[in-house]
Amino acid sequence: MSTVACAATQPADIRMGNNLEAAAAPPPADVLVVNKIKTNGNLPGNLSFLDLASGKVAAHVPVGREPHEVAVSADGRYAVVSNTGSSKKPSNSLSVFDVEKRKEIHRVDLGPLWNPHGLLARNGLFYFTAEGARAIGAYDPVRNRLAWVMSTGQDQTHMLAATKDGKTLVATNRGSGTVSILQLTKPDPLAAGSWKETILPVGRNPEGIDVNPEGTQAWVGCRGGNEIAIVDLAQQKVVDRFSTPNQPIVRVKFALEGKLLLATDPWHGELLFIDPTSHQTLKSLPMGQGCEAIFIEPDGKHARIGVTTEDNVAEVDLATMSVVRRISAGQAPDGMAWIGK
């Protein structure tokens, strides 16, 4: 009897070990999605770890109140979420994640830097705007410290873009009708006097912004004027602008290696496909109310649009200019970032 019991026990133990290993392996995920869970800034939002292949959420992790944007470090180790809050109940923190562990490891108190919003990673730092403080800051994830702050002196410093080398930052100042062009003048971006700011009027309520692949221009969606302004970064002046009739643009993003410009109009719930050469709108694609965030997948062939009001992320095939799938990533999805290998 003991021999039979031993023979039966050994395979069972082996099977149990395999099951435990399988259970310990986390579900796959390659995209981060910020979910605002909009309640006028009263409740925490969360960060979704999303698997594009299956369209399933591997994990929801709580963050601060009404988060808006997320960025990932170049080495894929860290992710940072800006906990913006609302205008009536502003927030002032960043949620810092260990991406591999899918865990918030720091909640950074920004003190008087209210309403952190625009966010990007360059040269080992996370740069962010602080709308309520008229400022731009930089967070060092390795040392876990607020490393640098610079006042823009402009109202509602909102979204942030940069050249690939990180030597030029451009922020939209929504309340002042300007952009702040920051140019690095010293090798160390954290040294005193290392950035030179130029304030440039661009139009009413500038919000969405992207730098072209060549790093020579910033394209700015001016939602208050239904137009897009083109800024020459070397000359530091507006060199062109064109109308988007009855289309208040809140986000712009280059795709197909600069051959296409995507723009979102959340009021009409549309995604615009714009020819950067002719400035003509090739197509207006219905997305749903509250469409804002634009995320280009690494394959360069697909875009993800956060449809905030309707609680879905739309997958867009850029070749056919059509929606091919919608994913439920969470409530009021907004900013996105890639963590896949």
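Here the structure is a predicted model, which means the values were calculated and not measured. (Residues numbered from 1 in each chain as written. Predicted model: local features only at pLDDT ≥ 70, side-chain atom pairs only at ≥ 80, totals over all residues. Heavy atoms only, no water.)

A. Summary view of the overall build of the protein. Tallying secondary structure elements over the protein gives 1 helix and 28 strands in all. Relative to the globule expectation of 20 Å for 341 residues, the C-alpha radius of gyration of the protein, 22 Å, shows essentially globular dimensions. Along the first, second and third principal axes, the C-alpha atoms of the protein reach 90 × 45 × 40 Å. Pairs at least 24 apart in sequence give 41% of the contacts found in the protein among residues at least 6 apart. A total of about 14900 Å² of accessible surface is found on the protein, and carbon and sulfur atoms cover 52% of it. The centroid of the 34 positive side-chain charges in the protein is displaced by 3 Å from the centroid of its 35 negative side-chain charges. (Helix = DSSP H or I, 4+ residues; strand = E, 2+ residues; numbered from the N terminus. Rg over C-alpha atoms; globule rule 2.2 N^0.38 Å. Contact = heavy atoms within 4.5 Å. Areas by Shrake-Rupley, 256 points an atom, 1.4 Å probe, with all protein chains shown as cover. Lys, Arg positive; Asp, Glu negative; His and termini not counted. Charge placed at Lys NZ, Arg CZ, Asp CG, Glu CD.)

B. Inspection of the layout of surface pockets at higher detail. There is about 620 Å³ of room inside the second largest pocket. Around the second largest pocket sit 27 residues that line it, and Lys 36, Lys 38, Glu 66, His 68 and Arg 174 are the ones nearest its centre. Residue classes in the lining of the second largest pocket are distributed as 3 nonpolar, 14 polar and 10 charged. (1 Å grid on protein atoms, 1.4 Å probe; cavity = no way out; pocket = protein on both sides within 12 Å on 5 of 7 lines; lining within 4 Å. Points joined across faces, edges and corners; volume = space filled by probe spheres on them. Nonpolar A, V, L, I, M, F, W, Y, C, P; charged D, E, K, R; others polar.)

C. Examining the pairing of strand β25 (residues 302–307) more closely. Of all 6 residues making up β25, 6 are buried, and the element is well covered by its neighbours. Here strand β24 (residues 291–296) pairs with β25 via 4 bridges, running antiparallel. Bridging across to β25, Cys 291 finds its partner in Val 307. In this antiparallel pair of consecutive strands, β24 and β25, the connection spans 5 residues, and Gly 300 shows a positive phi of 75°. Following β25, the chain reverses through 4 residues before pairing antiparallel with strand β26 (residues 312–317); Asp 311 in that reversal takes a positive phi of roughly 55°. (Buried < 20%, exposed > 50% of the residue type's maximum accessible area, 1.4 Å probe, protein only. Pairing = 2+ DSSP bridges.)

D. View of the sheet that holds strand β21 (residues 260–265). Strand order across the open sheet formed by 4 strands is β20-β21-β22-β23, with antiparallel pairing between neighbours. Each edge of the open sheet carries a strand with a single partner, namely β20 (251–255) and β23 (281–286). On average, adjacent strands in this sheet sit at an angle of 20° to one another, irrespective of strand direction. Of the strand pairs in this sheet, β20 and β21 are connected by 5 bridges, and their pairing is antiparallel. For Ala 255, the partnering residue across the bridge sits in β21 and is Leu 260. (Axes fitted to C-alpha atoms, helices over the stretch in contact; angles between N-to-C directions.)

E. The arrangement of the side chain of Thr 264 in detail. Locating Thr 264 in the fold gives a position in strand β21. Setting aside anything within four residues of it in sequence, one finds Thr 264 in contact with Pro 248, Ile 249, Val 250, Arg 251, Glu 270, Leu 271, Cys 291, Glu 292, Ile 294 and Ile 305.

F. How the structure looks around the state of the cysteines. Inspection of the entire model under this criterion finds 0 disulfides. Cys 222 takes part in no disulfide bond, and the closest cysteine sulfur, belonging to Cys 291, lies 18 Å away. (Disulfide = S-S within 2.5 Å.)

G. Summary view of the sheet that holds strand β16 (residues 206–211). With respect to topology, 4 strands assemble into an open sheet ordered β16-β17-β18-β19, the strand pairing being antiparallel. The open sheet has two edge strands, β16 and β19 (237–243), and neither has a second partner. Direction aside, neighbouring strands of the sheet carry axes that sit 25° apart on average. Note that β16 and strand β17 (residues 217–222) share 4 bridges and pair antiparallel. In the sheet register, Asp 210 faces β17, and the bridge partner there is Trp 219.

H. Quick look at the confidence of the model for the protein. This prediction gives the protein a mean pLDDT of 92; 92% of its residues lie at or above 70. Counting interchain partners and residues more than four positions distant, the pLDDT-below-50 stretch residues 1–18 has 0 contacts. (pLDDT = per-residue confidence, 0-100.)

I. Looking closely at the pattern of salt bridges. The full count for this structure, using the stated rule, is 15 salt bridges. Put simply, Glu 69 and Arg 251 hold a salt bridge, and the shortest N to O gap is 3.9 Å. Taken together, the residues Glu 69 in strand β4 (residues 67–72) and Arg 251 in strand β20 connect sequence positions 182 residues apart. Since its relative accessible area comes to 10%, Glu 69 is described here as buried. The buried category is assigned to Arg 251, whose relative accessible area is 6%. Each of Glu 69, Glu 131, Arg 174, Glu 207, Arg 223, Arg 251 and Glu 292 takes part in a single network of salt bridges with overlapping partners. (Salt bridge = Lys/Arg side-chain N within 4 Å of Asp/Glu carboxyl O.)

J. Structural detail: the packing of aromatic side chains. Under the counting rule described, the total for this entry stands at 6 aromatic pairs. Measuring from ring centre to ring centre gives 5.9 Å for Trp 148 and Trp 195, while their planes differ by 45°; the resulting arrangement is tilted. In this pair, Trp 148 sits in strand β11 (residues 145–151) while Trp 195 sits in strand β15 (residues 195–201), placing the two residues 47 residues apart along the sequence. For the pair formed by Trp 148 and Trp 195, the shared burial category is buried. Following the ring pairs from residue to residue traces out a cluster consisting of Tyr 127, Trp 148 and Trp 195. (Phe/Tyr/Trp six-rings, centres within 6.5 Å; stacked < 30°, edge-to-face > 60°.)

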